[in-house]
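Each chain is listed here by its residues.
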Amino acid sequence: MIEVQHLVKKFGDFTAVNDLSFAVESGQVMGFLGPNGAGKSTTMKMITGFLRPTAGTARIAGIDICDNPLAAQTQLGYLPEGAPAWPDMTPRQFLDFITRIRGLDKSAARQAMIRAIGMTELHGVLDQPIDTLSKGYRRRVGLAQAIVHDPDVLVMDEPTDGLDPNQKFQVRQAIEEMAAHKAIIISTHILEEVDAICSHAMIIDRGEIVAEGTPSALAARSRFFGAVSLTLDTQLLERACKVLDGIDNSRYEVVTRGVETVISVFADTAQAPATDLLAHVRDLISQQEWPVRALALETGRLDDVFGTLTRKPRPLADTANVADGGGA
Amino acid sequence: MSQLWTITRREFAGYFSTPLAFVFIVVFLLANGLATFYLGAWFEMGQADLTSFFMFHPWLYLFFLPAISMRLWAEERRNGSIELLLTLPVPLSAIVLGKYFAALAFSALALALTFPVWISVNFLGDPDNGVILASYLGSLMLAGGYLAIGSCLSALTRNQVIAFVISVVACFLFTVSGAPLVLDIFRSWAPQVLTDTLASFSLLTHFRAITGGVIDFRDLVFFVTLIGVFLVATMIIVDMKKGEGA
């Protein structure tokens, strides 16, 4: 549904997006990850036709956004960064405007508005000017605008930014409900969100893809993948360390949070399967009769992968978020 | 076509979302009245015409219309809503024209609300209503010209104050190039052709021609061409910014 082909965007000497290619099929939710200024917003602006690429193009449902922007945009719903709207309008007027401009006829527009308002739970604020609404409601108005015409392709730039946990949950739920029959791209720097709603994830840094795959495959690239972590009372730490020192071919890391301590045990060599290590640690625990609060085989940590891949030193000039000039 | 109408309607309604529109109209009418009665000495003239009413329009418009046009694009940019607008499946021409027509309609409304002057002059004397009608048309054309220039310059920046100032300056230049004061300076050394060309680019020259009561086809062509050129320039600037990324 979305095909991005060798997309390049340069702002003067600064390359914001460098030869990006990927595809998103219907039914997939692609999570776009990256530090600020990585080129996430710029890429989305090019896919939706707001910015013209320096080179390359994107196809929406097979239609080239550069050659035939209007036809491509008809298939597209877009929530720009910061969910901009016209502050003087009420959500009802705003959605009415969008359905008119998108050419929905009267009854279709009515149905579409009822559906979008229902999904974003805007009933209570339909007739209040948008600039009097809270950030959460404004974001939902933006979301309603993006989905009101039930597009096949949905592009959302940080859809949950600035929302409280309940609102985040609602927006994620709305995205999940739609995911089955749409191709969706969302950008975020909330990593748990990727786990929660994305079927695919892509980490970009300085305009280039540094990793992509399913969230679990990405997380598996973490050094924590296959480690055994046990959570116990901080009081037990010293005794535990002594025992753990006795395991061959392994080392461990300790993170203490108040009365609770997490010890991550890594197998030093790749020879022994992770499950062996888990079994070993479990045996030790039962021998020692420690009151362990939690014991788990790590499936990897996305934040760790994110940090390793994107925390390279960068020249000062590059950190300026040039790409976000339009929406910041 | 329906998209153009939808955009025009939204933009027009936008003017009235705050009391500012009403304040603007009131101040415009007051300024108009002051200019006509004090500066223009309408009563003292003892003539049943609206010459002293229309003669100040170019100078009033110079400040009032950039105040309308400054927000056309600068505000969308600042607000981020330009991203929404330009990613909707609407041709750029419909957006540019829709915004322009809304601004023009708003100015037309302000102008139409000066009707008590017209009623008064008919009550007091027996004016040539044909000339007055032509003058109203000329005044609207003039407003259209200023707004087109303002629309184009508003597209250049995200700062409304800058948009206002450069629009006033540009409109001023397009006006004074026809004022006798300026033309005399050129007349003393430049060839007649140059002076005439300069004068022919001035909105003032063509406005005066129309308010004189003669609707010359060439004056209308001038205004329509000027408006067209600046609206096309607006489209080009907005489109260019898509490439730049601002």
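With respect to the side chain of threonine 99 of chain A
Residues and elements named next belong to chain A. Relative to the elements of secondary structure, threonine 99 occurs in helix α3 (residues 91-101). We classify threonine 99 as buried; its relative accessible area is 1%. Residues contacting threonine 99, with those up to four places away along its chain left out, are Leu104, Ala109, Met113 and Val148.

A few points about the packing of helix α9 (residues 115-124) of chain B against helix α10 (residues 129-154) of chain B
All names here are of chain B. Relative to each other, α9 and α10 sit at 165 degrees, their axes nearing to 12 Å. The angle between α9 and α10 places the two elements in the roughly antiparallel class. As α9 runs across α10, the sense of the crossing is right-handed. On α10, the residues touching Phe115, Trp118, Val121 and Asn122 of α9 are Asn129, Ile132 and Tyr136. For the contact of α9 with α10, the residue count by class is five nonpolar, two polar and no charged.

Concerning the domain arrangement of chain A
For chain A, the domain assignment lists domain 1 (2-221) and domain 2 (228-298). Once you take the C-alpha centre of each, domain 1 of chain A and domain 2 of chain A turn out to be 43 Å apart.

Observations regarding the pattern of salt bridges
Following the criterion strictly, the structure yields 15 salt bridges over all chains and no others. Across the pair aspartate 239 of chain B and arginine 52 of chain A runs a salt bridge, and its minimum N-O distance is 2.8 Å. Note that aspartate 239 of chain B is positioned in helix α15 (residues 217-244) and arginine 52 of chain A in the loop between α1 (40-47) and β4 (55-60), a pairing that runs across two chains. On the accessibility criterion, aspartate 239 of chain B (31% relative accessible area) is partly exposed. Its salt-bridge partner being glutamate 11 of chain B, residue arginine 10 of chain B comes within 3.3 Å of it at the nearest N-O pair. Like glutamate 11 of chain B, arginine 10 of chain B is buried. Within this structure, Arg10, Glu11, Glu76 and Lys99 of chain B form a network of salt bridges that share partners.

Some words on the pairing of strand β1 (residues 2-11) of chain A
As a general feature of sheets, a regular strand has side chains that alternate between the two faces. Residue and element names in this part refer to chain A. With seven bridges joining them, β1 and strand β2 (residues 14-24) adopt antiparallel strand pairing. Following the sheet pairing, lysine 10 is matched in β2 by threonine 15. Pairing of β1 with β4, which is carried by five bridges, proceeds in the antiparallel orientation. Bridging across to β4, glutamine 5 finds its partner in threonine 57.

Observations regarding the sheet that holds strand β13 (residues 260-267) of chain A
Residue and element names in this part refer to chain A. Read from one edge of the open sheet, four strands run β12-β13-β11-β14, paired in antiparallel fashion. This sheet does not close on itself; its edge strands, each paired only once, are β12 (250-257) and β14 (294-297). For this sheet, the mean inter-axis angle between neighbouring strands, taken without regard to orientation, is 15 degrees. Pairing of β12 with β13 involves eight bridges; the strand directions are antiparallel. The residue bridging serine 250 from the neighbouring strand is alanine 267, located in β13. Here helix α9 (residues 237-245) sits on the sheet in contact with β11 (228-233), β12 and β13, set at roughly 170 degrees to β12.

Here's the deal with the pairing of strand β6 (residues 76-79) of chain A
Residue and element names in this part refer to chain A. Here β6 shows no split at all, with Leu76 and Tyr78 on one side and Gly77 and Leu79 on the other all buried. Where β6 lies against strand β7 (residues 153-157), four bridges are found, and the strand directions are parallel. Within the sheet, the bridge partner assigned to leucine 76 lies in β7 and is valine 153.

Overview of the packing of aromatic side chains
Residue and element names in this part refer to chain B. Going through the model one piece at a time under the given rule, you end up with 19 aromatic pairs over all chains. Ring centres of phenylalanine 53 and phenylalanine 54 lie 4.8 Å apart, and the angle between their planes is 70 degrees; this geometry places the pair in the edge-to-face category. Here the two residues phenylalanine 53 and phenylalanine 54 agree in accessibility, since each one is buried. Each residue in the set Phe12, Tyr15, Phe16, Phe22, Phe24, Phe28, Tyr61, Phe64, Phe106 and Tyr146 is aromatic and connected to the rest through ring pairs, giving one cluster.

Concerning unusual backbone geometry
All names here are of chain A. A positive phi angle, close to 50 degrees, is found at histidine 6, a residue other than glycine. Examined against the element boundaries, histidine 6 turns out to sit in strand β1. Despite not being glycine, aspartate 19 has its phi angle at roughly 55 degrees, a positive value.

Examining helix α5 (residues 57-69) of chain B
Because an α-helix completes one turn every 3.6 residues, residues spaced three or four positions apart along the sequence face the same direction. Residue and element names in this part refer to chain B. Along its 13 residues, α5 runs 17 Å from first to last C-alpha, staying within 8% of the 18 Å computed at 1.5 Å per residue. The sharpest bend along α5 reaches about 30 degrees and sits at phenylalanine 63, with the proline proline 66 one to four residues further on. For α5, the buried fraction is high: ten of the 13 residues fall into the buried class.

Some thoughts on the interface of chain B and chain A
With 30 residues of chain B at the interface, the matching set in chain A holds 29 residues. Of the roughly 2800 Å² buried where chain B meets chain A, counting both sides, 59% is carbon and sulfur surface. Area buried by chain B at its contact with chain A is led by Arg10, Glu83 and Leu84 of chain B, which between them contribute 25% of it. Connecting chain B to chain A are two salt bridges. Taken together, the connections running from chain B to chain A amount to nine residue pairs in polar contact (both at pLDDT 80 or more). For the side of chain B that touches chain A, the secondary-structure elements that each account for two or more residues are α1 (2-15), α6 (71-79), α7 (81-87) and α15 of chain B.

Calculation criteria
- Residues numbered from 1 in each chain as written.
- Chains lettered and ligands numbered in written order.
- Predicted model: local features only at pLDDT ≥ 70, side-chain atom pairs only at ≥ 80, totals over all residues.
- Heavy atoms only, no water.
- Helix = DSSP H or I, 4+ residues; strand = E, 2+ residues; numbered from the N terminus.
- Buried < 20%, exposed > 50% of the residue type's maximum accessible area, 1.4 Å probe, protein only.
- Contact = heavy atoms within 4.5 Å.
- Axes fitted to C-alpha atoms, helices over the stretch in contact; angles between N-to-C directions.
- Parallel < 35°, antiparallel > 145°, perpendicular 65-115°, else oblique.
- Left-handed = near helix turned anticlockwise from the far one by under 90°.
- Nonpolar A, V, L, I, M, F, W, Y, C, P; charged D, E, K, R; others polar.
- Domains from an automatic or database assignment.
- Salt bridge = Lys/Arg side-chain N within 4 Å of Asp/Glu carboxyl O.
- Pairing = 2+ DSSP bridges.
- Phe/Tyr/Trp six-rings, centres within 6.5 Å; stacked < 30°, edge-to-face > 60°.
- Expected span 1.5 Å × (residues − 1).
- Bend = angle between axes of the 7 residues up to and from the residue.
- Buried area = accessible area lost by both parts, 1.4 Å probe.
- Polar contact = N/O pair within 3.5 Å; in protein donor to acceptor, adjacent residues only side chain to side chain.

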